[in-house]
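# Chain and residue survey
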Amino acid sequence: MGADVTMAQGLGKIDKEGYHFAFIGDSTFFASGITGVVNAVYNEANMTLVVLDNSTTAMTGHQPHPGTGVTMMGDIVNKISIEKIVEAIGVTKVVSTNPLDLNNAIETVKSVVDLPGVKVIIFKSPCIAVTKPKTQYKIDSEKCINCKKCIKELGCPAIVLQDGKPYIEPSLCFGCSICSAVC
């Protein structure tokens, strides 16, 4: 629960040539990640923190947290901004993007990874457990060349092999569209 922030910081001290990433959810960022970021900036770590912001506490029941703008009693309040917090701590490069725009997400990571210091990428996308998909995807059997890149490179639980060919199980598709970017 937030230990990866300090682990990436420590690994950077041991392996100065490597790329060190930490991944943390938005609710965990508020609960236990902020202090790790403070220490990373203070200790001049060279790492990239990826905050997965789905605006809920998905792992423990979808309750609100300071970044949602809703209190536990349902009152509407000002959201606490992850961007403003990390900037106030001293992070000099903060970028927010949609992780479901795969090409842009990849370019975002590439644009910050070589910069010195602590960098923060905030991937913002609604939680699939509390939102309904706009579109469910299916594989066009006429166009599919059966390369299985969607299975080998993506790892989407909705994409399975059916009779030796990729198939999207409709009950598992949340309409994220990443498969269409990979194919």
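In short, a report on the structure. (Residues numbered from 1 in each chain as written. Predicted model: local features only at pLDDT ≥ 70, side-chain atom pairs only at ≥ 80, totals over all residues. Heavy atoms only, no water.)

Okay, the side chain of E83 next. Turning to its location among the elements, E83 is positioned in helix α3 (residues 82-89). Apart from the residues within four sequence positions on either side, E83 is in contact with V94, S96, I122 and K124. (Helix = DSSP H or I, 4+ residues; strand = E, 2+ residues; numbered from the N terminus. Contact = heavy atoms within 4.5 Å.)

Looking at α3, one finds that the buried residues are I82, E83, I85 and V86. Down the axis of α3, the buried set is contained in an arc of 165°. They therefore lie on one face. For α3, exposure combined with an orientation more than 90 degrees from the buried face picks out K84 and A88. Immediately beyond the C-terminal end of α3, within one or two residues, lies G90, with a positive phi of roughly 120°. (Buried < 20%, exposed > 50% of the residue type's maximum accessible area, 1.4 Å probe, protein only. Arc of directions from axis to C-beta.)

Counting buried residues in strand β4 (residues 118-124) gives 6 out of 7 residues, a clear majority hidden from the surface. With 5 bridges connecting them, strand β3 (residues 93-97) and β4 associate as parallel partners. Residue pairing across strands places T97 opposite F123, the latter belonging to β4. After leaving β3, the chain enters helix α4 (residues 102-113) and then returns to the sheet as β4, a path that is right-handed. (Pairing = 2+ DSSP bridges. Right-handed = clockwise from strand over helix to strand, strands pointing away.)

Enumeration according to the criterion identifies 2 salt bridges in this entry. Here E83 ties to K124 by a salt bridge, and the two come within 3.0 Å at their closest N and O atoms. One end of the pair, E83, is in helix α3; the other, K124, is in strand β4, and 41 residues separate them in sequence. With a closest N to O distance of 3.9 Å, K110 and E107 form a salt bridge. Pair noted here: K110 and E107 are both in helix α4, with a separation of 3 residues, about one helical turn. (Salt bridge = Lys/Arg side-chain N within 4 Å of Asp/Glu carboxyl O.)

Together, Y19, F21, F23 and L52 make up a nonpolar patch on the protein surface, roughly 400 Å² of accessible area in all. Secondary-structure assignment places F21 in strand β1 (residues 21-25). Given the relative accessible area of 31%, F21 is considered partly exposed. (Patch = residues over 30% accessible without salt bridge, like charges linked within 9 Å, V, L, I, M, F, W, Y side chains within 5 Å. Areas by Shrake-Rupley, 256 points an atom, 1.4 Å probe, with all protein chains shown as cover.)

A word on unusual backbone geometry. Phi at K148 takes a positive value of approximately 65°, unusual for a residue other than glycine. Positive phi outside glycine occurs at D163, with the angle close to 55°. Considering the arrangement of structural elements, one finds D163 in the loop between β5 (159-162) and β6 (165-168).

This brings us to the nonpolar core. Counting residues in hydrophobic clusters, the biggest one holds 20 residues, and the most contacted among them are F29, M47, L49, V51 and V120. Of all the secondary structure elements, the ones that give two or more residues to this core are α1 (3-14), β1, α2 (26-42), β2 (47-53), α3 and β4. The element contributing the most residues to this core is α2, with 4 residues. Ignoring any residue separated from it by four or fewer positions in sequence, one finds F29 in contact with I24, I34, V37, V51, I82, I85 and V86. (Core = buried A, V, L, I, M, F, W, Y, C linked by side-chain atoms within 4.5 Å.)

Within a sheet, neighbouring strands are paired by backbone hydrogen bonds and run either parallel or antiparallel to one another. Sheet architecture is open: 4 strands sit in the order β1-β2-β4-β3, paired in parallel fashion. Unpaired on one side and paired on the other, β1 and β3 mark the two borders of the sheet. Between one strand axis and the next, the sheet turns by 20° as a mean value, whatever way the strands run. Where β1 and β2 come together, 5 bridges link them in parallel fashion. Bridging across to β2, I24 finds its partner in V51. Across the face of the sheet, α2 comes into contact with β1, β2 and β4 while running at roughly 150° to β1. (Axes fitted to C-alpha atoms, helices over the stretch in contact; angles between N-to-C directions.)

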